[in-house]
Amino acid sequence: MHIVVCIKHTPDSEAKMSVDESGEVSWGDSPLILNPWDEYAVEEALLLRDEHGGNVTAISLGPEGALEGLKQAVAMGCDQAVRVWDGFCEGSDTLSTSRVLARAIEKLGKVDLVLVGRSAIDADTWQTGPSVARRLGFASLMYVIKIAELDADQGTIVVERLLEQGREVVSARLPAVIGTTKGINEPRYTSFMGIRKASRMQYPCWSTDDIGVAAEEAGAAGAAVHWPRIFAPPPRGGTAEIVEGTTAEETARHLVAKLLAEKVI
Amino acid sequence: MSHSDVVVWVEQFQGRPASGSWEAIGVARRLADQMGGDVTACLLGGNGSRGLASKAMHQGADRVCLAEDEQLREFRVEPYVRFLSDAIRDADPGVVLISATLRGRELGPALAAELETGCVADCTALAIDDGLLTATRPVYAGKLLAECVVPEHRPQIFTTRIRAFAALEAEPDRDGPVHLMQSALSESDIKSQVVDFKPIEGGVGLADAAIVVAGGRGVGGPEGFRPLRDLADVLGAAVGASRAIVDAGWMPYEYQVGQTGKTVSPDLYIACGISGAIQHQVGMRTSKVIVALNRGAEAPVFKLAHYGIVGDLFDIVPALTEVLRERVP
Ligand SMILES: Cc1cc2nc3c(=O)[nH]c(=O)nc-3n(C[C@H](O)[C@H](O)[C@H](O)COP(=O)(O)OP(=O)(O)OC[C@H]3O[C@@H](n4cnc5c(N)ncnc54)[C@H](O)[C@@H]3O)c2cc1C
Ligand SMILES: Nc1ncnc2c1ncn2[C@@H]1O[C@H](COP(=O)(O)O)[C@@H](O)[C@H]1O
């Protein structure tokens, strides 16, 4: 089995985000981390490889900083890692990202499974998985909380998807793009040996030219969606109105009166 | 048809419509009226889906493209994208709206890849500005908002956040034509098959609930949820949980609200024994009214909440349930 896992490097979920006058977004001195949702995808790729054999390739579309995410993936146990980037990739939306990622995955040769996280915690679009699946012509199975069966020889997979109303059990023919969600596994920590292996690994960086994507198809030039303005939402009033009473019952009555006045009950 | 027209996907599950789809039709109506166009609702489902077509009309659609086919009973990306992309190529609308349910958030980007266009996910506002449709959506876990536009590609696809827009009042007299369409794929072209469904117990779904009663570590253990469930029952509310509770194994992951769980935007969110960590806030800050019950007066949740009660949830929650129960005849 050849499993590809797509990862992104994002600001930490604790980071204080701000926008300066020119509209530039910054996250202060908070470090970039491996997108937390992608840890589940990496872990699942490793578990599947260990059970069914084969190897795992981590791939990330991103500038120099994306290397740190790839190193973490290798330190967790991925067999190889590829970064995709050149100046033309700057300013991507999902349309251009999915074109570039799909072509890069094709360049990797035969692929049985592509794993992605639910979403990247920066723009939080949840779109890369379904778009890449469509471009590759692979089955698209998002929100997967359990891989129930995988038959590598037959090329079939059965997964449970967590939807609003419950768990949907789906069987599909490989190759497939699987979007993992929290609860599918417990991502492992990186080991000392893993970190050492990661620091010695070679990380090829493919350009748009290497994967055969035209410059105008990538990055901002190839994007459909533009975001002319990013701003901080107006701050919430500040502190709650504290509701009190001499007894719990009186407090409850006061609160219920307020909620009735707000017309929310 | 023209670029002033809007197409909306109407989602159904086991024959029941997703309420978010009616919200999306409401947005579509407003935009189409502003642009001087029409609203077409696309409805895919198994046999017996026709009744939903008239409902879509009541909610504001001018016409419905209906595909009633057992192959379409269950949502699957391949046949759904095939059908919708055919319908959209045919109609050539300027805008496609999809409710940002989980299925909607999977369908939108797949459709966008198929049509080589852009999809703006999880919009909380949509307005026409100088002739260009501008979508507002939360980014960086709602710490920032982005205004997004699709200047050139058509159709532009948007998924609308559940409960961020109000559905129109149903007009039972509204009617319009229903165009029957057929699925264009044979079963052997479709790579996936739904083989089973295991529903979530406990009724009200978190994502589209009007009221959510959520518990955090303050409930003290799995049994601590009991009073919260009682309160949820009198309110007809859904139950939610913080990650601390899910990690402790007191509630299944399905109930988790927050960055690594669900995003909810109910009219009323009652946080019981939840400290209000930033990752929890991400999943509930857009609720209309937030009530915090916490025994620590310094808990960050009081900075976010509209109303707060400082006290023990095991006193307050049962008292609330009692007071509310009196109101029910
Ligand atoms: C990457 C990442 C993702 C995360 N994703 C999520 C997420 O999706 N959702 C989420 O919720 N969290 C998430 N977290 C965790 C988050 O940071 C907090 O740890 C978590 O929300 C805390 O849960 P809590 O409020 O229930 O517990 P605590 O922070 O322990 O708060 C318990 C509160 O209960 C109060 N209390 C105790 N007893 C009582 C009583 N008897 N009556 C009244 N009040 C009482 C206490 O005063 C306290 O304020 C994430 C963290 C990380 C790092
Ligand atoms: N630039 C990227 N490089 C590699 N994988 C990505 C990239 N962007 C997104 N992904 C993958 O797609 C998932 C969903 O991201 P998004 O669509 O941005 O919310 C992530 O969890 C990653 O697995």
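Calculation criteria
Residues numbered from 1 in each chain as written. Chains lettered and ligands numbered in written order. Predicted model: local features only at pLDDT ≥ 70, side-chain atom pairs only at ≥ 80, totals over all residues. Heavy atoms only, no water. Near = heavy atom within 4 Å. Polar contact = N/O pair within 3.5 Å; in protein donor to acceptor, adjacent residues only side chain to side chain. Areas by Shrake-Rupley, 256 points an atom, 1.4 Å probe, with all protein chains shown as cover. Helix = DSSP H or I, 4+ residues; strand = E, 2+ residues; numbered from the N terminus. Nonpolar A, V, L, I, M, F, W, Y, C, P; charged D, E, K, R; others polar. Pairing = 2+ DSSP bridges. Contact = heavy atoms within 4.5 Å. Axes fitted to C-alpha atoms, helices over the stretch in contact; angles between N-to-C directions. Buried < 20%, exposed > 50% of the residue type's maximum accessible area, 1.4 Å probe, protein only. Right-handed = clockwise from strand over helix to strand, strands pointing away. Phe/Tyr/Trp six-rings, centres within 6.5 Å; stacked < 30°, edge-to-face > 60°. Lys NZ or Arg CZ within 6 Å of the ring centre and 35° of its normal. Domains from an automatic or database assignment. Buried area = accessible area lost by both parts, 1.4 Å probe. Salt bridge = Lys/Arg side-chain N within 4 Å of Asp/Glu carboxyl O. pLDDT = per-residue confidence, 0-100.

## Describing the site of ligand 1
Then, in step 1: Taken together, 26 residues surround ligand 1, and among them S242, T260, S275, Q279 and N294 of chain B come closest.
Then, in step 2: Neighbouring residues of ligand 1 are not confined to a single chain but are spread across chains A and B.
Then, in step 3: Note that an oxygen atom of ligand 1 is positioned 2.5 Å from one of the side-chain N or O atoms of S242 of chain B.
Then, in step 4: A distance of 3.0 Å is found between an oxygen atom of ligand 1 and a backbone nitrogen or oxygen belonging to G273 of chain B.
Then, in step 5: About the coverage of ligand 1: the protein hides 79% of its 990 Å² of free accessible area.
Then, in step 6: For the shell around ligand 1, the secondary structure elements donating two or more residues are α6 (243-247), α7 (278-281) and α9 (313-327) of chain B.
Then, in step 7: Classifying every residue of the shell around ligand 1 gives six nonpolar, 16 polar and four charged.

## What about the sheet that holds strand β8 (residues 113-116) of chain A?
The strands that make up a sheet pair up through hydrogen bonds in the backbone, lying either parallel or antiparallel.
Then, in step 1: Taken in spatial order, the ten strands of this open sheet run β13(A)-β7(A)-β6(A)-β1(A)-β8(A)-β12(A)-β9(A)-β10(A)-β11(A)-β13(B), and their pairing is mixed. Across the chains shown, the open sheet's two edge strands, defined by having one partner strand only, are β13 (205-206) of chain A together with β13 (192-199) of chain B.
Then, in step 2: Sheet topology note: the strand β9 (residues 139-151) of chain A/strand β10 (residues 156-163) of chain A ladder contains six bridges and is antiparallel. Along β10 of chain A, the bridge assignment pairs I147 of chain A with V159 of chain A.
Then, in step 3: Against the sheet, helix α2 (residues 66-76) of chain A contacts β6 (55-61) and β7 (80-84) of chain A, and its axis sits at roughly 165 degrees relative to β7 of chain A.
Then, in step 4: Where helix α4 (residues 102-115) of chain B meets the sheet, its contacts fall on β9 and β10 of chain A together with β13 of chain B, and the angle it forms with β9 of chain A comes to roughly 105 degrees.

## Here's the deal with the pairing of strand β4 (residues 39-45) of chain B
Residues and elements named next belong to chain B.
Then, in step 1: Among the seven residues that make up β4, seven are buried, leaving the element largely enclosed by the rest of the structure.
Then, in step 2: Of the two faces of β4, the one holding V39, A41, L43 and G45 and the one holding T40, C42 and L44 are both buried throughout.
Then, in step 3: Inspection of the sheet shows β4 paired to strand β5 (residues 63-68) by six bridges, in the parallel sense. Note on β5: the bridge partner recorded for G45 is E68.
Then, in step 4: Between β4 and its parallel partner β5, the chain crosses via helix α2 (residues 50-58), and the hand of that crossover is right-handed.

## Observations concerning the sheet that holds strand β14 (residues 226-231) of chain A
Then, in step 1: Taken in spatial order, the four strands line up as β14(A)-β10(B)-β9(B)-β8(B) in an open sheet, and their pairing is antiparallel. Looking along the sheet, the strands with just one partner apiece sit at the ends: β14 of chain A together with β8 (125-129) of chain B. Direction aside, the axes of adjacent strands within the sheet are offset by 25 degrees on average.
Then, in step 2: Pairing analysis gives five bridges linking strand β9 (residues 132-139) of chain B to strand β10 (residues 144-149) of chain B, with the strands arranged antiparallel. When the sheet's bridge partners are listed, P138 of chain B is paired in β10 of chain B with L145 of chain B.
Then, in step 3: With respect to the sheet, helix α1 (residues 19-35) of chain B is in contact with β8 and β9 of chain B, its orientation differing from that of β8 of chain B by roughly 0 degrees.

## Digging into the site of ligand 2
Residue and element names in this part refer to chain A.
Then, in step 1: Every one of the 17 residues lining ligand 2 counts as a neighbour, but C6, D38, W126, Q127 and T128 are closest to it.
Then, in step 2: In the model, a nitrogen atom of ligand 2 is placed 3.3 Å from a nitrogen or oxygen of the I7 main chain.
Then, in step 3: Between a nitrogen atom of ligand 2 and a main-chain N or O atom of L61, the distance comes to 2.8 Å.
Then, in step 4: Contact with the protein chains removes 96% of the 480 Å² of surface that ligand 2 exposes when unbound.
Then, in step 5: Here the element with the most residues in the shell around ligand 2 is β6; it accounts for three residues.

## Comments concerning the packing of aromatic side chains
Then, in step 1: The full count for this structure, using the stated rule, is six aromatic pairs over all chains.
Then, in step 2: Ring centres of F13 of chain B and F197 of chain B lie 4.8 Å apart, and the angle between their planes is 50 degrees; this geometry places the pair in the tilted category. Taken together, the residues F13 of chain B in strand β2 (residues 12-13) and F197 of chain B in strand β13 connect sequence positions 184 residues apart.
Then, in step 3: Residue F197 of chain B is classed as buried on the basis of its relative accessible area of 17%.
Then, in step 4: Here the aromatic rings of F75 of chain B and Y80 of chain B are separated by 5.1 Å at their centres, their planes lie at 70 degrees, and the arrangement is edge-to-face.
Then, in step 5: By relative accessible area, Y80 of chain B is classed as buried at 2%.
Then, in step 6: Through a chain of ring-to-ring contacts, three or more aromatic side chains come together here, namely W9, F75 and Y80 of chain B.
Then, in step 7: Taking NZ or CZ as reference, K107 of chain A lies 5.1 Å from the ring centre of W206 of chain A, over its face.
Then, in step 8: Above the plane of the ring of W126 of chain A lies R118 of chain A, whose end atom (NZ or CZ) is 4.0 Å from the centre.

## Some thoughts on the domain arrangement of chain B
All names here are of chain B.
Then, in step 1: As far as domains go, chain B holds domain 1 (6-189) and domain 2 (211-327).
Then, in step 2: Taking the mean C-alpha position of each, domain 1 and domain 2 sit 32 Å from one another.
Then, in step 3: The partner domain 2 presents ten residues to the six residues of domain 1 that form the contact.
Then, in step 4: Here domain 1 packs against domain 2, burying approximately 590 Å² in sum over the two surfaces, 50% of which is carbon and sulfur.
Then, in step 5: Joining domain 1 to domain 2, the criterion identifies one salt bridge.
Then, in step 6: Applying the counting criterion to the domain 1 and domain 2 interface returns three residue pairs in polar contact (both at pLDDT 80 or more).
Then, in step 7: Here the residues of the side of domain 1 that touches domain 2 are counted per class, giving two nonpolar, one polar and three charged.

## Brief notes about α2 of chain A
Residues and elements named next belong to chain A.
Then, in step 1: The element α2 is largely enclosed, with a buried count of eight among its eleven residues.
Then, in step 2: Here α2 has its buried residues at A66, L67, G69, L70, A73, V74, A75 and M76.
Then, in step 3: The inward-facing, buried residues of α2 abut β2 (9-11), β5 (32-34), α1 (36-52), β6, β7 and α5 (192-200).
Then, in step 4: Downstream of α2 by one or two residues, G77 has phi in the positive range, about 140 degrees.

## Here we look at the confidence of the model for chain B
Then, in step 1: On average, chain B scores 94 in pLDDT, and the residues at 70 or more come to 98%.
Then, in step 2: Reported confidences for the modelled complex are a pTM of 0.91 and an ipTM of 0.91.

## Topic: the pattern of salt bridges
Then, in step 1: One pass over the full model with this rule turns up 39 salt bridges over all chains.
Then, in step 2: For the salt bridge of R103 of chain A with E106 of chain A, the shortest nitrogen-to-oxygen distance reads 3.5 Å. Of the two residues, R103 of chain A and E106 of chain A both sit in helix α3 (residues 94-107), three residues apart, roughly one turn of that helix.
Then, in step 3: Accessibility expressed as a relative area gives 42% for E106 of chain A, which makes it partly exposed.
Then, in step 4: Across the salt bridge formed by E78 of chain B and K191 of chain B, the nearest N and O atoms sit 3.5 Å from each other. Of this pair, E78 of chain B sits in helix α3 (residues 77-91) while K191 of chain B is found in the loop between β12 (178-180) and β13, placing the two residues 113 residues apart along the sequence.
Then, in step 5: Exposure remark for E78 of chain B: the relative accessible area of 12% places this residue in the buried category.
Then, in step 6: Given the relative accessible area of 24%, K191 of chain B is considered partly exposed.
Then, in step 7: Connected via shared salt-bridge partners are R99, R135 and E217 of chain A together with E116 of chain B.

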